[in-house]
Amino acid sequence: MTSQEIRQKFLDYFKSKDHLIVPSAPIVLKDDPTLMFSNSGMTQFKDFFLGYKTPTAPRIADTQKCLRVSGKHNDLDDVGRDTYHHTMFEMLGNWSFGDYFKKEAIAFAWELLVDVYGIPKDNLYVTIFEGDASENLDRDQDAYDFWKSHISEDRIINGNKKDNFWEMGESGPCGPCSEIHIDLRTPEEKAAVPGITLVNQDHPQVVEVWNLVFMEFNRKADKSLEKLPAQHVDTGMGFERLCMALQGKSSNYDTDVFTPLISKVEELSGKKYTGILEDEKDIAIRVVVDHIRAVSFAIADGQLPSNGGAGYVIRRILRRGISYAYRFLGMKEPFLFELVTVLQDQMGKFFPELEKQGKLVSEVIKSEEESFLKTIENGLIRVEKLIQQTIADDLKVLPSEEVFELYDTYGFPDDLTRIIAEEKGLTIDEAGFKAEMEKQKQRSKSDSAQKVYDWVVLEEKPETFVGYDQTESETYITRYRKVENKDGEFYQVVLSSSPFYPEGGGQVGDKGMLENAAESFEVLETKKENGLIISLINGLPKDAGAIFYAKVNASDRKNSQANHSVTHLLHEALRDVLGTHVEQKGSYVGPDYLRFDFSHFNKMTEEELALIEEKVNHKIKESIALQEFRSIPIKEALEKGAMALFGEKYGDSVRMIQFGSSKELCGGTHVKNTSEIGHFKITSEGSAAAGIRRIEAISGDKSEEYFKNLEQQIIELSQLLKSKDVVRSIEKLIEENASLKSEVDALKKEKAKGEIGDWKNAYEQKGNKQLLVKKTSLDAGSVKDIVFQLKREIPTSVTIILSDADGKPMITVGVSDDLAADYQAGAIVKDLAKEIQGGGGGNPGFATAGGKNLDGLENAYQKALHI
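Here the residue index of a chain counts from 1 through its sequence in written order. Totals for whole chains, interfaces and linings use every residue, but because this is a predicted model, local features are given only for residues with pLDDT of at least 70 and side-chain atom pairs only at 80 or more, for both listing and counting. Derived side-chain values reflect all non-hydrogen atoms in the structure, with water molecules and hydrogen atoms excluded from consideration.

K.L.:
Mind showing me how you'd approach the packing of helix 13 (residues 358–392) against helix 14 (residues 400–408) here?
P.N.:
Each pair of packed helices can be described by the angle between their axes along with the distance between the axes. Simply put, an axis is a line fit to the C-alpha atoms, just over the touching stretch for a helix, and the angle between two N-to-C directions goes from 0 to 180 degrees. Helix and strand assignments come from DSSP, with helices taken as H or I runs of at least 4 residues and strands as E runs of at least 2, each series counted from the N terminus. Packing of helix 13 against helix 14 leaves a shortest axis separation of 11 Å and a crossing angle of 175°. Relative to helix 14, the element helix 13 lies roughly antiparallel. Of helix 14, the residues touching helix 13 (which contributes Gly-379, Arg-382, Val-383 and Leu-386) are Glu-402, Val-403 and Leu-406. The residue inventory of the contact of helix 13 with helix 14, partitioned by class, reads four nonpolar, one polar and two charged. An angle below 35 degrees is treated as roughly parallel, one above 145 as roughly antiparallel, one from 65 to 115 as roughly perpendicular, and anything else as oblique. Contacts between residues were defined by any pair of non-hydrogen atoms, one from each residue, lying within 4.5 Å. Each residue receives one of three labels: charged for Asp, Glu, Lys and Arg, nonpolar for Ala, Val, Leu, Ile, Met, Phe, Trp, Tyr, Cys and Pro, and polar for the others, Gly being one of them.

Here it is in structure tokens:
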């Protein structure tokens, strides 16, 4: 069976068992503060397990894109070094929400594996939870009894809490699980060593293929367990491992999930894949084909590589792949982007986002490759300088601070530094490097550290969001919990009736006040978590159950919703002017400004920007009334022409916002009429990433302020210039300035000529060189020209010029070419720069350094005399 047939058989089987087949949720999570990525099949159903939302069907099946590269579930370091770990993988799953439980889940799994897929019974083992006294949890006797009707008892293994009690994180839904393991060894290997002894022992051919999780509990923040409102089934079967088993392979990478990608890498690199685990070339190929899948799906779902958050994780994965290809496949030019079309052919049928976003994915990856390869080339120069300095200092170990700086500041792979150092007979300070890494992790943790306590539930009642219709409401607190972070102690509250819009869809969360006659609290932010609208306040009411009045900051809300509505008009205008390839790729909507990222491959012209502004402002002047479809079937909304964004997860019912011909699915707050926006003004347009442009703009009050400021500036300029014709007056000043500049340049050249004449006669013979050390007030450009002329004209010379031009210390060093073997300009300037509290660099023949301590020039001068 091909991998596509295997996937389809799974979905067809569960469809025949009355399961609703649903599409994969995006791999990148936009509105879940507890997770960056979908790391398991159950992520998109978490709210169903917790009882916050009602499932669309009691039985569901799907194949879910998953990513495990951070936190508890982190497989990144294992990828490429074994046959079965991956960053991105597919999780085939079937789900029951309060419907069937252990008996049916076990029967379904057995029938599918043995009767449908034809896996021999003798190749299978199962595990059950053995219980845990510390948690007061009994052995899962029910699972054991149900398994006995399918498999012999000597193939049922007790498993501990680590292996057989599944938890998605530090808190949340959890429960005992029953794993199914498959023994893929040869008959001879099986005869020699019983498979039962290899289960959960990390044997590459005795692997877990399916995990049946019986969700019964919710893990609270205080680590205690509470029963869920209903019993659920959550299963996850590794698609790649299943393909390995059914295709008779000993490695996931030998299945047709990966072989087309491997063939393309072989073609592009000229290297042959042999499948040897320890071979660095083969490890590199496995890393590349795994990582291209993870990065491609993340970008297709709307997550661009960046320097923070989820974007940093994606960039790190991609750079790991580039680094392996550079070091072990000799790939010095971009090539990973060429694998995207192969991936589309393999998976586009089941994951249409790859087909739709293919060009964008390729462009982004290519751009990232070009950038990181430049980083590597620049890093090689820095490493070479570091090595030369280490050798010059008669040391054998590269200092950890310098190696870490290369890694952390310049993005240069530490293992590449290690390899280059070893080639020169050096090592790096491994313990020191690890210590620097740990310091950085601790800094990051302390910056983001937050302790969240369990909820204190005052009333089990779902809150009502009234913010679409009003900005003030009478309310009371239904639950609260304490939060501690570096800024102090705060409380998160859930209100029975909340006018506060929770951060989402690019729009910032509302701020405001929660008050009554006795107390008043500032609402600092509002977010959504697990279906709850949570507002952060700066204290805890004395009477938490009292009636309060919730008030949104009306000015901020007014400006935010104006900016949000204008993003819809902007999106439509961009598609009208640039083409229908334009799609929103991210946004920020706040009270002060808006940011809109969109797919487009060229810098916009001034004419295009002007036309966009004109179209948006025309819509504003038309006074188009808002048409809001607060709950409409998604199919109907799409038929009406609503824009749906890739990377967003929509339910069966959606909210559609319409301003005339602009129709979008959106949960944000909006103006009632476009006339409320006032005016729209683009403040900047630029590149956000390869194939992604970014517009920043203002509207409403901020737009009015913008033009008032411009008007005031023109008035002040007119007064300064003593002319109402500001443009002509400035043109005249520019002409006069150019003339004066020419005169100044001529004077500088004359002064420099005089200095050159004096300096040529001031060299002193010191050992094997002629040395000139001079102080001057000439500017940096003039000094550079003189030093280059002197190093050419004066043989065996070292020229050191110390300048105090504009009150800033500058040291310039030139070494004639015939002394290159004995003196390095960079090393000299680095040593002298210590005296002026500065730094710099250059090449062996010329180097400069600036600093902060002007008084240190005298010490540098005296030091230079003895070089």
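Still more to cover.
K.L.:
Can you walk me through the sheet that holds strand 27 (residues 653–659) in this structure?
P.N.:
Here, any two strands with at least 2 DSSP bridges between them count as paired. The three strands lie next to each other as 26-27-28, forming an open sheet whose pairing is antiparallel. One side of each edge strand has no neighbouring strand; the edge strands of this open sheet are strand 26 (627–633) and strand 28 (662–665). Recorded for the sheet is a direction-independent mean angle of 25° between the axes of neighbouring strands. Examined bridge by bridge, strand 26 and strand 27 share five bridges and lie antiparallel to one another. Across the sheet, residue Pro-633 finds its bridge partner in strand 27, namely Ser-653. Helix 17 (residues 554–578) rests against strand 27 and strand 28 of the sheet, and its axis sits at about 115° to strand 28.

K.L.:
How should I be thinking about the packing of aromatic side chains in this particular structure?
P.N.:
Aromatic ring pairs: the centre-centre distance and the angle between the two ring planes describe each pair. Pairing of aromatic rings covers Phe, Tyr and Trp, the last counted by its six-membered ring, and requires centre-to-centre distances within 6.5 Å; plane angles under 30 degrees mean stacked, over 60 mean edge-to-face, and any other angle means tilted. All chains considered together, the criterion is met by 29 aromatic pairs. Measuring from ring centre to ring centre gives 6.2 Å for Trp-110 and Trp-147, while their planes differ by 75°; the resulting arrangement is edge-to-face. Residue Trp-110 is located in helix 3 (residues 102–116), and its partner Trp-147 is located in helix 4 (residues 141–148); the two are separated by 37 residues in the primary sequence. Accessibility assignment for this pair places Trp-110 and Trp-147 in one class, buried. These aromatic residues form a ring-pair network of at least three members: Phe-10, Tyr-13, Phe-14, Tyr-100, Phe-108 and Trp-210. In this scheme, Lys NZ or Arg CZ marks a charge over a ring once it lies within 6 Å of the ring centre and within 35 degrees of the ring normal. One residue, Arg-7, lies across the ring of Phe-350, its end atom 4.3 Å from the ring centre. Across from the ring centre of Tyr-861, 4.8 Å away, lies the NZ or CZ of Lys-775, which sits over that ring. Between buried and exposed lies partly exposed: a residue is buried under 20% and exposed over 50% of the maximum accessible area for its type, with that area taken using a 1.4 Å probe on protein chains only.

K.L.:
So what exactly am I meant to see when it comes to a nonpolar patch on the surface here?
P.N.:
Distance thresholds for patches are 9 Å for like charges and 5 Å for nonpolar side chains (Val, Leu, Ile, Met, Phe, Trp, Tyr), applied to residues having over 30% relative accessible area and no salt bridge. Working definition of accessibility: Shrake-Rupley area with a 1.4 Å probe, residue cover restricted to the visible protein chains. By salt bridge we mean one thing: a side-chain nitrogen of Lys or Arg within 4 Å of a carboxyl oxygen of Asp or Glu. Among the surface-exposed residues, Leu-717, Leu-720, Ile-730 and Ile-734 lie close enough to one another that they form a single nonpolar patch of about 380 Å² accessible area. Among the elements of the structure, helix 20 (700–721) and helix 21 (726–760) are those that each provide at least two residues to the nonpolar patch. Counting through the fold element by element, Leu-717 comes out in helix 20. Taking relative accessible area as the criterion, Leu-717 reaches 34% and is therefore assigned partly exposed.

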